[in-house]
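Overview (structure and organization)
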Amino acid sequence: MTTTPALPVRTRRVKTSTVVLTAVAVIVGAGFVLPAIWILIGSFRPNAEILTTMSPLSWHLVIPSEVTFENYVHLLVDSGFARALLNSFIVCIASVAIGLAMSAMAAYALAVYQFPGRNLIFAVIVISFMVPFEAIAIPLAQQFTDWGLGNTMTGLILPGVANGLAIFNLRQYFLGIPQSYREAAMIDGASEPRILFSLYARLSGPALTNSALLIFLGQWTAFLWPLLIVSDQKLQLAPVALAGTFGEHAADYGQNFAGTIVLTLVPAVSMFVLQRFFGRLSIGSGEK
Amino acid sequence: MASSTVTSEPVVAKRRRAGRRPEAGRQRPGRRQELMWAAIFLSPAIVALVVLRVVPTVGAVVQSLYKAFPGGIIPATFHGLGNYESLFADPNFVSTIVRTLVFNAIINPFQIVLALLLAVLFTQKIPAVGVWRTLVFIPITVPIVGSSIAWGAALNPEGPVNALISALGGNPQPFLTSPDQALAGIIMLASWIGIGYWMLFLISGLQAIPEELYDAAKIDRAGPIRTFFSITIPMLKRPLLFVLVADTVANFVLFVPVQLLTQGGPQNSTTLLMFDAYRTTYGYGSRNLGAAEVVILTVIMIFFVLLQFRLLREERTPR
């Protein structure tokens, strides 16, 4: 603690800059979160109050006069949203299951075996699945309708199972698993599928979680595809159903906001569940 | 070969090669079996690739070369590049292309500059920095249908954004109802989600920059601005380029807010290529013209995705 005359001045300068930076960080953070808070609070207040408190600016914008669940009740009981949520769940879970199996198999083949054209196949698969799906959704929807897949669960699920980043992630992870593990398993007489599903899959918890999330979120937030492929309301998925409630009753913001909160919370909860599930499967990697 | 062993994970690489060597002796029968398993494991992904990507792309290309007649009784006839010619002869379509390009030339730099500034801000040593950072992430979790509806309400001429502007002494704005401001409104709501999302990538890039470089800059008495341009930006080049390309890809197919809030209007001011392809195909029922638009969009996409893939590949090699 030797004090030089310059030191106190400098600490004070650092402190002012920290104060300014903190103030900016708080303001920016508040600015980003405020619309989300408005949605959250709006979902728990009477619908009419959302409209009356919009303008002029006052604290009532985010302070409700009463807390009510009527928006959620309307949404889940009276409209078809509950059914759409269930459809979305089925589509997401099926897509994750099929997509993970497919991606893991492809990633395993591309990580473990040496064969001519391996890198080319890898590049083609990843590049073509990285072209945003929306770009070719319209012609694909026409094909699917021609094949009789319009208004079917299969039609909703299939496009979501293929995810280039999922294959990319899993392959990167598999490349890090020592070959000696695989050789040991082969000496023990394990078949290739067994090595993949009981050895590699078990060692790859985090990569499987990431890939599952990618597939899940892709399907959960899908809007254009269900809009194109499904016309039957009974089969419709939650985002399109939510957009439908927006169009139907002009300015039923309470119900819209409640739907938005439900659509937001489900992936958050699912992420948590997935992480627990795959976290348990992972037994850690590393060769001693 | 020897030079390529200097990778970020030399130990793993060496081990893998060492592990493979004994296999070489008993190669013949095992090798054929390996090829068989590779084919079996790859086939679902390849079938998906063909059915979900190749078939629709080829289908769109073929359809874009035909011309159908209203009513569908007379079979479609081969039209060559006629659909493309009539698209580019249509001033509305040309302005859609120009608008889409201008939209991307604005929204991508806008989102990335702000994402970069915020990433730098949220990696400074300030109290409770994680909390403020999380607040910026929260919009990412809101699905775009929900955020479009909410921003539609917020940008209502009698909505809270105008209330805020009035409270600050400004004049209320028409936002989505004005041809001059609607696209800016779409940019705003897309950026509410996008900035936080791309910031995630840049923060992890910033955290990978060695602390010693900043210490060295401090010793050289470089100020914060000089440090930013001489150390942060060059060291962040790869994540920045990757984010720029990935953001561009995402914004070229931005669809939900346009479909939900403006339907391309007012006066076509928010008609972007993706929405136009949708409207031409389903709204106007011109499958062939719509297919030509899809092909144009896909060509642009493939260009950017190839660029992105190059950047992803480089990401794996050591700096």
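Everything numeric in this text was worked out from a predicted model, so none of it was measured.

Turning our eyes to something else, we now look at the overall build of chain A. Across its full length, chain A holds 14 helices and zero strands. For chain A, the N- to C-terminal ordering of α and β elements is α-α-α-α-α-α-α-α-α-α-α-α-α-α. Counting across all 288 residues of chain A, residues that qualify as buried make up 52%. Looking at chain A alone, contacts between residues at least 24 apart form 75% of all its contacts between residues at least 6 apart. On chain A, roughly 13,300 Å² of surface is accessible, and the fraction owed to carbon and sulfur atoms is 68%.

Turning next to the packing of aromatic side chains. Aromatic ring pairs are described here by two measures, namely the spacing of the ring centres and the angle between the planes. Enumeration according to the criterion identifies 30 aromatic pairs over all chains in this entry. Between Phe-255 of chain B and Phe-275 of chain B, the ring centres sit 6.2 Å apart and the planes meet at 35 degrees, which makes this aromatic pair tilted. Placement of the pair is Phe-255 of chain B in the loop between helix H11 (237-252) and helix H12 (256-262) and Phe-275 of chain B in helix H13 (residues 273-283), with a sequence separation of 20 residues. With respect to burial, Phe-255 of chain B and Phe-275 of chain B carry one shared label: buried. When the ring of Tyr-278 of chain B is compared with that of Tyr-282 of chain B, the centres are 5.7 Å apart and the planes differ by 35 degrees; the resulting orientation is tilted. With Tyr-278 of chain B and Tyr-282 of chain B both in helix H13 and four residues apart, this pair spans about one turn of that helix. Among the aromatic residues, those joined into a cluster by ring pairs are Tyr-108, Tyr-113, Phe-174 and Tyr-200 of chain A together with Trp-37 and Phe-41 of chain B. Over the ring of Phe-122 of chain A we find Arg-171 of chain A; its NZ or CZ atom is 4.1 Å from the centre of that ring.

Attention now goes to the side chain of Gln-111 of chain B. All names here are of chain B. Summarising the element assignment, Gln-111 is placed in helix H4 (residues 91-121). In this structure Gln-111 comes out as buried when scored by relative accessible area, which is 1%. Within the structure, the side chain of Gln-111 is placed 3.5 Å from the backbone oxygen of Ala-190, a separation counted as a polar contact. Residues in contact with Gln-111, not counting those within four places in the same chain, are Ala-190, Ser-191, Gly-194, Ile-195, Trp-198, Asp-247 and Asn-251.

Let us look at the UniProt feature "transmembrane region" (unreviewed entry) in chain B. Residue and element names in this part refer to chain B. Per the UniProt record, "transmembrane region" (unreviewed entry) is found at residues 35-55, 101-122, 134-154, 182-203, 240-260 and 289-309. Span residues 101-122 is 95% helix and 0% strand, its end C-alpha atoms 31 Å apart. Annotated as 86% helix and 0% strand, the span residues 240-260 places its first and last C-alpha atoms 31 Å apart.

Another point: the interface of chain B and chain A. Opposite the 84 residues of chain B that make contact, chain A presents 85 residues. Summed over both sides, the interface of chain B with chain A buries roughly 7,400 Å², with 78% coming from carbon and sulfur. Counting every contact that joins chain B to chain A gives one salt bridge. Put simply, Glu-34 of chain B and Arg-182 of chain A hold a salt bridge, and the shortest N to O gap is 3.4 Å. Looking at which element gives the most residues to the side of chain B that touches chain A, the answer is helix H2 (residues 27-64) of chain B, with 22 residues. Residues of the side of chain B that touches chain A, tallied by class, amount to 59 nonpolar, 14 polar and 11 charged.

This part covers helix H8 (residues 164-175) of chain A. All names here are of chain A. In this model, H8 (12 residues) spans 17 Å end to end at C-alpha, consistent with the 16 Å of a helix rising 1.5 Å per residue. Listed in full, the buried residues belonging to H8 are Gly-164, Ala-166, Ile-167, Phe-168, Leu-170, Arg-171, Phe-174 and Leu-175. Its side-chain oxygen placed 3.0 Å from the backbone nitrogen of Leu-165, Asn-163 serves as the N-cap of H8.

Side-chain pairs of opposite charge can arise where the charged atoms are in close proximity. Inspection of every chain in the model, using the stated rule, returns four salt bridges over all chains. The salt bridge partner of Arg-45 of chain A is Glu-49 of chain A, with a shortest N-O separation of 3.1 Å. Take Arg-45 of chain A and Glu-49 of chain A: they sit in the same class, and that class is buried. Salt bridges here are not isolated pairs; linked through shared partners, they connect Arg-182 and Glu-192 of chain A together with Glu-34 of chain B.

Looking now at the nonpolar core. Residues Phe-81, Tyr-108, Tyr-113, Phe-174 and Trp-225 of chain A together with Phe-122 of chain B are the most contacted members of the largest nonpolar core, which totals 177 residues. Discounting chain neighbours no more than four positions away, the residues touching Trp-225 of chain A are Phe-133, Ala-137, Leu-140, Ala-141, Phe-144, Gly-155, Leu-156 and Pro-159 of chain A.

What follows covers a nonpolar patch on the surface. Residue and element names in this part refer to chain B. A contiguous nonpolar patch, built from Phe-88, Val-94, Val-98, Val-102, Ile-106, Phe-110, Val-113, Leu-114 and Leu-117 and spanning about 740 Å² of accessible area, is present on the exposed surface. A total of eight residues in the nonpolar patch trace back to one element, the largest contributor, which is H4. Relative to the helices and strands, Phe-88 is located in helix H3 (residues 82-89). What makes Phe-88 partly exposed here is its relative accessible area of 46%.

Criteria and cut-off values
- Residues numbered from 1 in each chain as written.
- Chains lettered and ligands numbered in written order.
- Predicted model: local features only at pLDDT ≥ 70, side-chain atom pairs only at ≥ 80, totals over all residues.
- Heavy atoms only, no water.
- Helix = DSSP H or I, 4+ residues; strand = E, 2+ residues; numbered from the N terminus.
- Buried < 20%, exposed > 50% of the residue type's maximum accessible area, 1.4 Å probe, protein only.
- Contact = heavy atoms within 4.5 Å.
- Areas by Shrake-Rupley, 256 points an atom, 1.4 Å probe, with all protein chains shown as cover.
- Phe/Tyr/Trp six-rings, centres within 6.5 Å; stacked < 30°, edge-to-face > 60°.
- Lys NZ or Arg CZ within 6 Å of the ring centre and 35° of its normal.
- Polar contact = N/O pair within 3.5 Å; in protein donor to acceptor, adjacent residues only side chain to side chain.
- UniProt positions renumbered as here; feature names shortened; annotations may be inferred.
- Buried area = accessible area lost by both parts, 1.4 Å probe.
- Salt bridge = Lys/Arg side-chain N within 4 Å of Asp/Glu carboxyl O.
- Nonpolar A, V, L, I, M, F, W, Y, C, P; charged D, E, K, R; others polar.
- Expected span 1.5 Å × (residues − 1).
- Core = buried A, V, L, I, M, F, W, Y, C linked by side-chain atoms within 4.5 Å.
- Patch = residues over 30% accessible without salt bridge, like charges linked within 9 Å, V, L, I, M, F, W, Y side chains within 5 Å.

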